[in-house]
Amino acid sequence: MMFAMTSDAVGSVIPAIIREFNLSMKAAGSFHYVPMAAIAIGAILFGFMADRFGRKRTIIVGLAVYGISSLLFAFGNHFLFFVVLLGAAGFGISIFKIGALALVGDLSETAEQHSGVMNTVEGFFGFGGIIGPAIVAALLIAGMSWKWLYVIAAVICALLIVLASVTRFPADNRAPRAEPVSIGDTLAMLRDPYALGFSFLIMLYVTVEVAIYVWMPTYLGHSQGMAARLAAGALTVFFVLRAGGRFMGAWLLARYSWTMILAVFALAIFVCFLGALLGGPSLAVFLLPLSGAFMSMMYPTLNSKGISCFPKAEHGVIAGVILFFTAVAAAAGPLAMGAISDAYGDARYGFWLATGFSFLLLLGLVYNHIANPARKRLFALGVSEYGPAD
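Residues numbered from 1 in each chain as written. Predicted model: local features only at pLDDT ≥ 70, side-chain atom pairs only at ≥ 80, totals over all residues. Heavy atoms only, no water.

**Notes on the pattern of salt bridges**
Convention followed: For salt bridges, the criterion is a side-chain nitrogen of Lys or Arg within 4 Å of an Asp or Glu carboxyl oxygen. Each helix is a run of DSSP H or I of at least 4 residues and each strand a run of E of at least 2, with the numbering of both proceeding from the N terminus. Burial here depends on accessible area, computed with a 1.4 Å probe over protein chains only, as a share of the maximum for the residue type. Under 20% is buried, over 50% is exposed, and the range in between is partly exposed.
The final tally for this structure, using the stated rule, is seven salt bridges. Among the ionic pairs, arginine 246 bridges to glutamate 122, the shortest N-O distance being 3.5 Å. Within this pair, whereas arginine 246 is found in helix H13 (residues 234–247), its partner glutamate 122 is found in helix H8 (residues 111–141), the two being separated by 124 residues in sequence. You'll find arginine 246 and glutamate 122 in the same group, each marked buried. Arginine 246 serves as the salt-bridge partner of glutamate 209, at 3.6 Å between the closest nitrogen and oxygen. Remark: arginine 246 occurs in helix H13 and glutamate 209 occurs in helix H11 (residues 193–219); sequence separation between them is 37 residues. One exposure class covers both glutamate 209 and arginine 246, and it is buried. A network of salt bridges, in which partner residues are shared, links Lys97, Glu122, Glu209, Arg242 and Arg246.

Structure (structure tokens):
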């Protein structure tokens with residue numbers, strides 16, 4: 001929740017820093033793609049930590065790095081200084097997020113429950129995405145700087161470190177090894193077809209999702225009349241629908257095939273994006289926020305299924321690999337959209353790119369539903385890691 005509070009609020013921060021520092025859309029987008037690039041690098045460099053040193057130590061170290069970087073926002077006034085701090089924060093995020101993702105597997109008693117727990121946890125991520133933009137709006141209305149959002153995050157980090165320090169963690173399933181887990185294990189994981197397959201689907205999804213919270217406020221800035229008034233709350237509506245859908249994820253997964261749900265939702269997302277472009281900002285103000293309801297289950301379900309394809313002793317490493325591709329997409333997607341929008345003078349052109357990615361996501365998830373290539377490995381690992389299904 002704390003991470004999402006800052007990362008998902010970037011769409012609200014960018015217009016403010018464009019005005020404050022007189023930046024182009026591409027330059028202002030560095031507030032998003034720099035920390036995401038750092039998360040990607042950190043995921044490869046530090047992905048082994050949760051399996052080598054344990055979930056608890058990894059989470060505490062990551063929170064400390066992120067918290068200190070966020071606190072330093074209070075002492076700066078230069079754009080470059082803030083970008084450097086965001087890069088450092090990205091490394092901290094990569095460390096604690098990998099530990100947290102591995103911990104979800106430790107907390108799950110069945111492979112199916114893994115997806116349900118992941119959706120619930122990501123629901124709190126969605127909640128952070130709701131309160132982050134609200135905090136930025138409240139700060140700006142009060143005449144305060146947007147940078148105090150990061151100071152608030154630093155305070156929450158300090159509380160989380162205390163809580164993590166006194167909390168008893170479950171067994172972290174580190175298997176005895178002749179050689180300690182290292183970055184070599186992460187690099188070896190990059191050759192696994194299941195790791196690459198799920199990572200590719202997640203990359204497509206993340207590129208589509210970040211288009212909303214990074215550039216939707218800019219795109220809807222051209223709205224007029226009633227649409228302009230609705231545009232002010234569009235991002236909040238998106239985050240509310242995304243968070244609510246994730247809390248419903250466990251219920252849906254217990255009743256329907258996960259491959260079918262994701263394929264249907266991918267079709268709905270594509271329709272929302274295409275309609276938003278064809279109908280212009282006046283229609284986009286309704287369709288783009290609505291896409292949040294269909295995006296809700298995408299990331300946590302794909303993430304949990306990808307992690308469940310591997311033994312619990314390797315959950316930290318595979319979480320790092322998936323996080324790497326997640327962050328690459330989160331950095332490159334908005335950067336490409338910003339560059340295209342700058343080149344043609346309108347954010348609309350960047351959304352055409354995002355719509356293309358949503359179509360590729362649809363094709364990938366339709367194939368996943370028809371062929372279900374991960375079925376055998378998920379069943380085999382489910383039995384060996386969690387015990388026979390009831």
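**A closer look at the packing of aromatic side chains**
Here is the rule: Only the six-membered ring of Trp is used, alongside the rings of Phe and Tyr, when aromatic pairs are assigned; centres must lie within 6.5 Å, and planes under 30 degrees apart are stacked while those over 60 apart are edge-to-face, with the rest tilted. Sitting over a ring, as applied to charges here, requires NZ of Lys or CZ of Arg to be within 6 Å of the ring centre and within 35 degrees of the ring normal.
By the definition in use, this model includes 22 aromatic pairs. Between phenylalanine 73 and tryptophan 146, the ring centres sit 6.4 Å apart and the planes meet at 80°, which makes this aromatic pair edge-to-face. Highlighted residues: phenylalanine 73 in the loop between helix H6 (55–71) and helix H7 (79–107) and tryptophan 146 in the loop between H8 and helix H9 (148–166), separated in sequence by 73 residues. This pair shows no difference in class: phenylalanine 73 is buried, exactly as tryptophan 146 is. Ring geometry for phenylalanine 82 and tryptophan 146: centres 5.2 Å apart, planes at 75°, overall edge-to-face. Here the residue phenylalanine 82 occupies a position in helix H7, and tryptophan 146 occupies one in the loop between H8 and H9, the gap between them amounting to 64 residues. Of the residues examined, phenylalanine 82 reaches a relative accessible area of 1% and is grouped as buried. Members of the aromatic cluster, joined through ring pairs, are Phe21, Phe31, Phe73, Phe79, Phe81, Phe82, Trp146 and Tyr150. If you follow arginine 377 out to its NZ or CZ, it ends over the ring of phenylalanine 310, 5.1 Å from the centre.

**Comments concerning unusual backbone geometry**
With phi around 55°, asparagine 22 is a residue other than glycine that occupies positive phi space. Of note, the phi angle at asparagine 372 is positive, near 45°, even though the residue is not glycine. Inspection of the secondary structure assignment puts asparagine 372 in the loop between helix H19 (347–371) and helix H20 (375–386).

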